[in-house]
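Each chain, letter by letter, is given below.
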Amino acid sequence: GGSSGVAQSVNSRIIGIDPGSGLMKAAAQAIKDYDLAGWTLVEGSGTAMTAALDKAYRSKEPIIVTGWTPHWMFIKYDLKYLDDPRGSFGGSEEIHTIARKGLQADLPSAYAFLDRFAWQASDMEEVMNKIADGAQPKDAADAWVQEHADLVAKWTEGIAPAPKGQKIKLAFVAWDSEIASTNVVRSVLAKLGYSPEMLQVEIGPMWAGIAGGDADAMVAAWLPTTSKDYYDKYKGQVDDLGANLSGTKLGLVVPSYMDVQSIEDLK
Ligand code: PBE
């Protein structure tokens, strides 16, 4: 293994993200499924991955990263997913909203909105783009909420304002997609009168925090595959409010200038 031209050009390295993520689990599975002996899946973070991609892209160097959609990187750079004929990365998925048990009784207005919250991949990308272009996540989300007043009105129609200053804790992992979605939810909850707090954690503590009641809700459950381990462990202890977005994708991603089409070509 590790003898293909592509392998040599990237030193048999795939630039990954945080080790607990479903994407890293799928990438490790791909290394097995495609018999990529000698390849290294480099652990890091979403931020480190996009920084490495940006650096390589600017100098037209080869690079292979673990990637997902929706993501601003597909708008900022000319990229392609490598074909995955063995299906290691699973199919198109939904992102679910997950609340702690008891939230509906304790914070009914927040729950009613969270239950309705649903948007398109293109919406999430608009927020991600603003942030990638330098906006603070909070400002990007507030601006998006202002620009989409009709949709936001549908999400909040008939929902009673919260008692002023009522706190609510949103847990999230610092993936760019979830930074965008969680900030939008925060922005709408603030419009409803809440004082929302965002708790940045790792994926395990995010799920454990909702299950244990230390956080109120999150909008970051990629199902049925990516977040499966956590969902299977905690599904009896949380409230699944269903999909807030559909049509996601995961895989190995390369700049379009690379002459490789399939994960099979890496061997
Ligand atoms: N992601 C983004 C996460 C879910 C959201 C694809 C990086 C993962 O668990 O892999």
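The preceding data block contains the structure.
Residue positions are given per chain, counting from 1 as you read along its sequence in written order. With the structure being a predicted model, the display of local features is reserved for residues of pLDDT at least 70 and the display and counting of side-chain atom pairs for 80 or more, all residues being used for whole-chain, interface and lining totals. Processing note: side-chain calculations cover all non-hydrogen atoms of the structure and skip hydrogens and water entirely.

Q: Describe the overall build of the protein, naming the residues involved and giving the relevant values.
A: Where helices and strands are cited, they refer to DSSP runs of H or I of at least four residues and of E of at least two residues respectively, numbered from the N terminus. In terms of regular secondary structure, the protein is built from twelve helices and ten strands. Taken over C-alpha atoms, the radius of gyration comes to 19 Å for the protein, in line with the 18 Å a tight globule of 267 residues would show. By principal-axis analysis of the C-alpha atoms, the protein measures approximately 65 × 35 × 25 Å. Accessible area is worked out with a 1.4 Å probe on protein chains only. A residue is then buried under 20% of its type maximum, exposed over 50%, and partly exposed in between. Within the protein, buried positions represent 51% of all 267 residues. Two residues qualify as a contact provided that any one of their heavy atoms is within 4.5 Å of a heavy atom in the partner residue. Considering only contacts in the protein between residues 6 or more positions apart, those separated by 24 or more positions represent 81%. Exposure was quantified through the Shrake-Rupley algorithm and a 1.4 Å probe, taking into account, for residues, occlusion by the shown protein chains and nothing else. Total accessible area on the protein stands at roughly 11600 Å², and carbon and sulfur atoms take up 47% of it. Only four residue types enter the tally: Lys and Arg on the positive side, Asp and Glu on the negative side; His and the chain ends are excluded. To locate a charge, take NZ of a lysine, CZ of an arginine, CG of an aspartate or CD of a glutamate. Looking at the protein, you have 25 positive and 35 negative side-chain charges, and the mean spots of the two groups are 3 Å apart. Computation of the radius of gyration draws on C-alpha atoms alone. For the globule rule, the value is 2.2 Å times the number of residues to the power 0.38.

Q: Requested: an account of the site of the ligand, with residues and values cited.
A: Being near a molecule or strand, for a residue, comes down to having at least one heavy atom within 4 Å of it. If you check the shell around the ligand, you find Ile 17, Ser 21, Gly 22, Leu 23, Trp 68, Trp 175, Ser 177, Glu 178, Trp 222, Thr 226 and Leu 250 and nothing else. Residues adjacent in sequence count toward polar contacts only when both atoms are side-chain atoms; beyond that, a polar contact is any pair of N or O atoms within 3.5 Å, and within protein one must be able to donate a hydrogen and the other to accept it. A distance of 2.8 Å is found between an oxygen atom of the ligand and a backbone nitrogen or oxygen belonging to Gly 22. In this structure, Leu 23 approaches the ligand through a main-chain N or O atom, which is 2.8 Å from an oxygen atom. Computed on the free molecule, the ligand has an accessible area of 280 Å², of which 100% lies beneath the protein chains in the complex. When contributions to the shell around the ligand are tallied by element, the ones reaching two or more residues are α2 (22-33) and α10 (176-191). The nonpolar class holds Ala, Val, Leu, Ile, Met, Phe, Trp, Tyr, Cys and Pro. Asp, Glu, Lys and Arg form the charged class, and all remaining residues, Gly among them, are polar. Of the residues assigned to the shell around the ligand, the class counts are six nonpolar, four polar and one charged.

Q: Can you lay out helix α7 (residues 121-132) for me, pointing to particular residues and giving the numbers?
A: Here a helix's expected span is defined as the number of its residues, less one, multiplied by 1.5 Å. A rise of 1.5 Å per residue sets the reference length of α7, with its twelve residues, at 16 Å; its end C-alpha atoms lie 16 Å apart and thus fit the reference within 8%. Those residues of α7 lying buried are Ala 121, Asp 123, Met 124, Glu 125, Val 127 and Met 128.

Q: Could you give an account of the pairing of strand β7 (residues 195-200), naming the residues involved and the relevant values?
A: Paired strands, in this sense, are two strands between which DSSP finds at least two bridges. The pairing of strand β6 (residues 167-172) with β7 spans six bridges and is parallel. Pairing of Ala 171 across the sheet is with Leu 199, part of β7. Note on handedness: a clockwise path from strand one over the helix to strand two, with the strands aimed away from the viewer, defines a right-handed crossover. Once the chain exits β6 it traverses α10 before rejoining the sheet at β7, and the crossover so formed is right-handed.

Q: Break down the packing of helix α8 (residues 137-147) against helix α9 (residues 149-156) for me, with residues and values.
A: Whenever a helix is involved, its axis is fitted only over the stretch in contact; in every case the axis is a line through C-alpha atoms, and angles between N-to-C directions fall within 0 to 180 degrees. Contact geometry of α8 with α9 gives a least axis separation of 5 Å together with a crossing angle of 90 degrees. By the angle between their axes, α8 is roughly perpendicular relative to α9. The residues of α9 that touch α8, namely those facing Trp 144, Val 145, Gln 146 and Glu 147, are Ala 149, Leu 151, Val 152 and Trp 155. Here the residues of the contact of α8 with α9 are counted per class, giving six nonpolar, one polar and one charged. Any angle that falls under 35 degrees is termed roughly parallel, while one over 145 is termed roughly antiparallel, one within 65 to 115 roughly perpendicular, and all others oblique.

Q: Quick rundown of the environment of Pro 85? Include the residues and the values.
A: Position of Pro 85 relative to the elements: it lies in the loop between β4 (79-81) and β5 (94-100). Sequence separation between Pro 85 and Lys 267 is 182 residues; the distance between their C-alpha atoms is 14 Å.

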